[in-house]
Every structure is written in structure tokens, then in C-alpha cells.
Amino acid sequence: MKPFESCDIQFLYRNKMEEATLSCEKIPDDENGESHKTQGDTTVIEGQNGVIEEKKEFVAPAVGMEFESYDDAYNYYNCYAKELGFRVRVKNSWFKRNSREKYGAVLCCSSQGFKRIKDVNRLRKETRTGCPAMIRMRLVDSKRWRILEVTLEHNHILGAKIYRSIKKIGTGTKRKSQSSSDAEGRTIKLYRALVIDAGENGNSEAIGREVRNLPNHSSQLNLKKGDSQAIYNYLCRMQLTNPNFFYLMDLNDEGHLKNVFWIDGRSRASCGYFSDVIYIDNTCLSSKYEIPLVAFVGINHHGKPVLLGCGMIAGETTESYSWLFKAWLTCVSGSCLQTIITDRCKVLQNAIAELFPRAHHCFGLSHIMKKVPEKLGGLRNYDAVRKALVKAVYESLKVIEFEAAWGFMVQRFGVVDHEWLRSLYDDRARWAPVYLKDTFFVGMCSARPGDTLHPFFHRYVHKQTPLKEFLDKYELALQKKHKEENLADIESRSSSSTLKTRCPFELQLSKVYTREIFKKFQLEVEEMYSCFSTTQLHVDGPIIIFLVKERVPGEGSRREIRDYEVLYNRTAGEVRCICSCFNFYGYLCRHALCVLNFNGVEEIPPKYILSRWKKDYKRLYIPDHGSNNNPVDGTNRELWFNQLYKSALQVVEEGVISLDHYKVALQAFEESLNRVHDVEEKQE
């Protein structure tokens, strides 16, 4: 199965459908072969015994379902009808005047309406009852057929009884139906598969325990009865109500849900801005939560976590993670991923090496340090070992210092053969800050004591949270995060920050940075006064190495003096400190500022003012979609949608600054919509 061909599960099924020939015969739109707003009679599909018994497993039509073509949608409804025991006919069809391309249709139960007056005296038995069952669908901008209205209720008997009045099919048709019965069965099974839950095959709790006791079991999600249908209903509803919503589902051979991925429209837009550094949050998997949730998390222009996508996978396997990463990649085209942060997990490491070979994969240091009590707590001299480990990790400025401090720790405390410490040392290049100074983190690292990567849903999900409850909390969490970001935008633009020094650097960036980022940078400016000496160590042409001395907190109330080497290139305007604060956090450190100040530089060079921290970042920065994807000259409707959505989102974000902004933005939207309608009327 190739699950990455489309954002809707019906497209996922389409690959299988093309391999199977349905016995459902497509019929003309009406009796006369004409289909523009006319009614017609149709040939029907003969019902089969036993269908009614399985109908509870079939995916019923739902608003928001999408199909690649009209034929796919028609075949689906026909198969659904056969499963329940009724016949289908085309009630209405709509075509464009010029191209005669079909763009809308209503499929209904054959018992819809009543016999015409002129046909009352005919011998044919009356079968129409005014049945309301129907689906209305339309060709949408993405060139897909979407169900817009559904009525499932019938006002007559369904099943085998109704077929007694149906005339027999022709010989040729019946032969075709029999020869393709296996293929049809496979196709209908695919439509039914989505609502088959683990709990329906026996006791759900027993099955859940069995899955958890098998570490290599990854054939299906560990869900309770009704969870699969709940997921599907939720995703269909979100796709209908949330612009640019995207989801993919992966089914196993038995039709059970294996993996699922989804991302809302705002998160998709955020990917264009903040997907340079991401954190794969698999806390729910590693900590054995009720829901096997995996979240893609970035950092926004306020330095706060932003959701970039969500998924649930059957198990911690390379196959499952690879599927999830491929799903994410299908909807973040144009993103420039540089760094991926994860827990220490071998299967994750393998999947990332396969899907993101150019990205720098690092292990979250905060995750490692949280495990210290668990892994080392049994040691006789635990406190001393922990203190030595913290010192080696956070205070080493050079690799040689880290190696020496680590060697001293394991030798002095006799833990050379400790399995966890030894494996940690082997992976040191992926988690120890001293080895990651050239890696771009923009604040998602944990290079200082106290830094931590919190799970994105840590206040909304606990170990016993059931899936249905999470789906409700998911929307609440996102609404709260979006509200916080909007308020932070308004605060950053409408109010000026209070200055605490006379340093020109502070004044310069108070006008540029968002409020939260400026506070962090302002602390570096204040701490310049802890640096009491800046001297030259070495000169090589335009390159000078400076030594900056700083008083830092030591044990107890004591303060220690530490030396920091800073490289400064006068010609290129480059400055780089050995603490690598700029790569770790995205702004210059106090040591680099001291060197700039020492050399008479009054403004921070533009290369050290990241656009992603600016107040107007989303307004000024347009994600690059590549020169080959010009939405004006191309025919890619999905690309058009993405670009229009991002542009509209910028207007929305600017429109909430004030009441005047809101009125102008709303008027602009109304005028734009009227102009678009004018174009549509001219084409017709």
C-alpha cells in the first residue's frame, strides 16, 4: 500500500480500487442520456444475502468525504447501497456550459420521489416511496469530489425483501459480476475497514493487554472499541470545518487502523515559518500512555512551542516512524529542516537517517538528565556521581575538558563498566553541548541547567487519558496556544519594552525583537556587567581572539571567574563565542557583546539578528516554494490553495491588531470575495 498519494483516506483506498474491478455498473445519468438537471431511471445492482448482517462495519457516507473522481464516488455509494440493500440512481447532475465537465451531482435511493401522473396506469409495480436518502457532492478546487450533504435515513424496508421486485440482470452482466466477485469483495472490505476496532473482535481490555505485552507488535493501533470510528469522524469533521486540514491513514491487511497523521491549517502554515528546527515529541509512547501520540513541535517567533503536526503509530518501529515522517513531508513542501531533536531511540534514529539524511539529528539533553535518578539512583555514591556528571555536561567549553571530566568521573567513582553511562558516552556527539556548537537550535536545546523540552500536551494529557477525551482536549490546547500567540503578537507590536541600560544594543533590538525574545536578549545585555575584562589573546590579520572574564555563580554563595574565548573578524563583521549562545539560542551572548563594544561597534551586525525573532516576521517573510512552482503560471490547485491560505492568514494576523485594522481587513475580504464571484459569473 502506498499511503502518501492524497490527504484523504478515500484516496488511500483508490490505489486498491484501481486493482479491483467493481461489479457495480455505472449507469447513464438519465433515461435520455442527458444529464443537465434532469432525472432518470437506472439499472440496479442485485442484492446478496448476508449483506445486511455486515452493514454495521461499513463506512457510511459522511460530509467531508473526498474522492479522486466522480466514478470513485459513484462506485463507493453503489457499494454502500448494495451493502445495506437498496438501489441507487442519479437524481441530478450539473455540467459547465463550455467544457461540459461535470461539477456536481445528487445520488439518491431508487425509491426517492413518486411515480409521474402519466405513468400511473402502467403495469410496472410502484417502488417509489419518497425516500429521503441521498448524497450531494461537488467538484471542489482541488479537483476532487467532496460530499457536501448526506441523508442516511430510508422510509422503506431495506435488504433482501426489496430485491424480489427487481428484474434479473442480463446474462452478460451477471457473468461479469461473478467473475469479479473477489475483487469487489476486496474493495468493499477496504471501505469497511476504517471502523473495524480491535475491541469488536473480543474483549477490548484483554486485547489491549496482549498488545502491550508484545514489544514487537506493530500491526495495528492499540485502540478501544469505537476509537477508530471516533478518529475517522473527527478527521472528517476537521477537514470540512478547518481550512487546509490534512490527514492520512494507514491500514493493515485486515483493515485495522495502523498509523494515522493529521495537521490543521494553521499548523501547516506554521511549518512554512518554523520547521527549520523540530522536536519529535514521543513522550506518550516512551512513557506508555493510553494513546500512542507523536507530535511535531517547533518554536515560534516568541520562543514558544508551536504544533507542526500530530500522529499516532502502532508501535515504536522504524517502519511506523518512517510512515509518519513521510506523511509529514507530504504537506510541508518548501520547508528547510536543519535540526531534529528526539529522545534516545534507535528506531527513531534509523527512520530519521532514512527520511532526513541532511538534517542534524540530536538527542534532547533534558530527557537524558531526567533519567539520571532512575539510571544512577542505585549507586552508593549517587549524589557525587550526579554532581560530577552535571559539571562535565554543562561546564565544559572544550571537547578536551569534557573528555577529562568524564574520565575523572568514571574512574573516581568506579563506574567505568556502568552500561547506561557507557552507552551515553558512545552517543555523546548527539547530546553533549560541547559537541553541538555548530548545530542550529534556536532555543530548543538544553545547553544550560534548568532548560527542558516539555511535551506539547503535557497539561492536557496524562497516562490514563482515553482517545476520545484527547480529541476534545486537542482542540482546546490548540485554541489556547493560538490565543496566546495572537496576544503576544499584539503586545509586541503595540507596546514598547522598558530599557534597563544605556547600551545601544538594547535600544536597537527593543525595536526589532518580539517581547519574549527581547527579554532573553536583555538579560545578556545586563550580564555584560558581570564581564570585567576583555583582552586580546592572538591576532592573525583581521582575525582577533579575545579573552573575556566573567564572574559566574559557584557552589553556595561563592562566585567563580570563568574565561571565554571570542573570535572577532573586523573585515567580515563576524563574532563567535566559545559558549556558542547564538547557535543554541538564536541571539548573541554577553561575551560577544563585550567584544563588539570593546571594538567600538554600536550596532549588532544584521547577520546576528534572526528574522524569525522579529515582531513582523510573519508579515514580511513569505515561505519559499521554489522557482518551479509559480502558482500564476502553473496548474497545481493545491499549491494555489496553500499560497492563498498563507496570504489570507497574514491579513488575519494583521487584522487583529486594532479595531481599525479589523474593519479594513474584513472589508478587504468582502471585496475580494465579490470580485472572485464576478470572475466565476463571467466564465459561466
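Residues numbered from 1 in each chain as written. Predicted model: local features only at pLDDT ≥ 70, side-chain atom pairs only at ≥ 80, totals over all residues. Heavy atoms only, no water.

Draft legend 1. Layout of the sheet that holds strand E6 (residues 246-251). Sheet architecture is open: seven strands sit in the order E6-E7-E10-E9-E8-E11-E12, paired in mixed fashion. Looking along the sheet, the strands with just one partner apiece sit at the ends: E6 and strand E12 (360-363). Pairs of neighbouring strands in the sheet enclose a mean axial angle of 20 degrees, with direction left out of account. Across the sheet, helix H8 (residues 265-274) is in contact with E6, strand E7 (257-263), strand E8 (277-281), strand E9 (293-299) and strand E10 (305-312); its angle to E10 comes to roughly 120 degrees. (Pairing = 2+ DSSP bridges. Helix = DSSP H or I, 4+ residues; strand = E, 2+ residues; numbered from the N terminus. Axes fitted to C-alpha atoms, helices over the stretch in contact; angles between N-to-C directions. Contact = heavy atoms within 4.5 Å.)

Draft legend 2. Highlighting the pattern of salt bridges. For the structure shown, the criterion picks out 24 salt bridges. The shortest N-O distance in the salt bridge between glutamate 395 and lysine 391 comes to 2.9 Å. Of the two residues, glutamate 395 and lysine 391 both sit in helix H14 (residues 382-395), four residues apart, roughly one turn of that helix. The exposure class assigned to glutamate 395 is partly exposed, which follows from its relative accessible area of 34%. The partner of lysine 519 in a salt bridge is glutamate 516, and the shortest N-O contact between them spans 3.9 Å. Taken together, the residues lysine 519 and glutamate 516, both in helix H19 (residues 515-526) and three residues apart, mark about one turn of the helix. Beyond isolated ion pairs, a larger network of salt bridges with shared partners links Arg448, Glu524, Glu527, Glu550 and Arg590. (Salt bridge = Lys/Arg side-chain N within 4 Å of Asp/Glu carboxyl O. Buried < 20%, exposed > 50% of the residue type's maximum accessible area, 1.4 Å probe, protein only.)

Draft legend 3. Spotlight on the packing of aromatic side chains. Taken as a whole and judged by the stated rule, the model has 34 aromatic pairs. On the numbers, 6.3 Å between centres and 65 degrees between planes, the contact of tryptophan 328 with phenylalanine 356 is edge-to-face. Note that tryptophan 328 is positioned in helix H10 (residues 318-329) and phenylalanine 356 in the loop between helix H11 (346-355) and E12, a separation of 28 residues in sequence. Residue classification places tryptophan 328 among the buried residues on the basis of a relative accessible area of 0%. Taken together, the aromatic side chains of Phe246, Phe261, Phe296, Tyr321, Phe325, Trp328 and Phe356 make up a single cluster linked through ring pairs. Sitting over the ring of phenylalanine 456, lysine 481 keeps its end group 5.0 Å from the ring centre. Over the aromatic face of phenylalanine 532 sits the side chain of arginine 551, whose NZ or CZ is 4.2 Å from the ring centroid. (Phe/Tyr/Trp six-rings, centres within 6.5 Å; stacked < 30°, edge-to-face > 60°. Lys NZ or Arg CZ within 6 Å of the ring centre and 35° of its normal.)

Draft legend 4. The side chain of arginine 266, seen in detail. Position of arginine 266 relative to the elements: it lies in helix H8. Ignoring anything within four residues of it in the chain, the contact list for arginine 266 reads His482, Glu485, Asn486, Tyr645 and Glu653.

Draft legend 5. The nonpolar core, seen in detail. Of all hydrophobic cores here, the largest spans 114 residues; its most connected members are Trp262 and Phe457. Excluding residues that lie within four positions of it along the chain, tryptophan 262 makes contacts with Leu235, Phe245, Phe246, Tyr247, Leu293, Gly309, Cys310, Gly311, Met312, Phe470 and Tyr474. Counting 33 residues, the second-largest nonpolar core is a separate cluster that includes Leu248, Leu285, Val306 and Leu308. (Core = buried A, V, L, I, M, F, W, Y, C linked by side-chain atoms within 4.5 Å.)

Draft legend 6. Quick peek at unusual backbone geometry. We note that lysine 288 has phi near 60 degrees; this positive angle belongs to a residue other than glycine. On the secondary structure map, lysine 288 appears in the loop between helix H9 (283-286) and E9. When its relative accessible area of 62% is taken as the criterion, lysine 288 is described as exposed. Backbone geometry at serine 580 places phi at a positive 55 degrees, although glycine is not the residue there. Relative to the helices and strands, serine 580 is located in the loop between strand E16 (574-577) and helix H20 (581-585).

Draft legend 7. Looking closely at the UniProt feature "domain: SWIM-type" (unreviewed entry) in the protein. The UniProt feature table records "domain: SWIM-type" (unreviewed entry) at residues 564-600. For residues 564-600, the end-to-end C-alpha separation is 20 Å, with 38% helix and 27% strand making up the annotated structure. (UniProt positions renumbered as here; feature names shortened; annotations may be inferred.)

Draft legend 8. Main features of helix H17 (residues 467-494). Over its 28 residues, H17 runs 40 Å from end to end, which matches the ideal 40 Å to within 8%, given 1.5 Å per residue. Considered for burial, the residues of H17 that qualify are Leu467, Phe470, Leu471, Tyr474, Ala477, Leu478, Glu485, Ala488, Asp489 and Ser492. (Expected span 1.5 Å × (residues − 1).)

Draft legend 9. The arrangement of the state of the cysteines in detail. This structure, assessed with the given rule, holds zero disulfides. Counting only cysteine sulfurs, cysteine 131 is the nearest neighbor of cysteine 109, a cysteine outside any disulfide, at a range of 3.9 Å. Unpaired in this structure, cysteine 284 has its nearest cysteine sulfur neighbour in cysteine 310, at a distance of 9.2 Å. When its relative accessible area of 10% is taken as the criterion, cysteine 284 is described as buried. (Disulfide = S-S within 2.5 Å.)

Draft legend 10. Spotlight on the environment of tyrosine 382. Mapped onto the fold, tyrosine 382 is located in helix H14. Residues tyrosine 382 and phenylalanine 413, spaced 31 residues apart in sequence, show a C-alpha to C-alpha distance of 9.2 Å. Among residues more than four places away in sequence, those in contact with tyrosine 382 are Val372, Pro373, Leu376 and Gly377.

Draft legend 11. Quick look at H8. Burial analysis of H8 places nine of its 10 residues in the buried class, the great majority of the element. Turning to H8, its buried residues are Gly265, Arg266, Ser267, Arg268, Ala269, Ser270, Cys271, Tyr273 and Phe274. The opening residue of H8, the one whose side-chain oxygen lies 3.1 Å from the backbone nitrogen of arginine 266, is aspartate 264. (Polar contact = N/O pair within 3.5 Å; in protein donor to acceptor, adjacent residues only side chain to side chain.)

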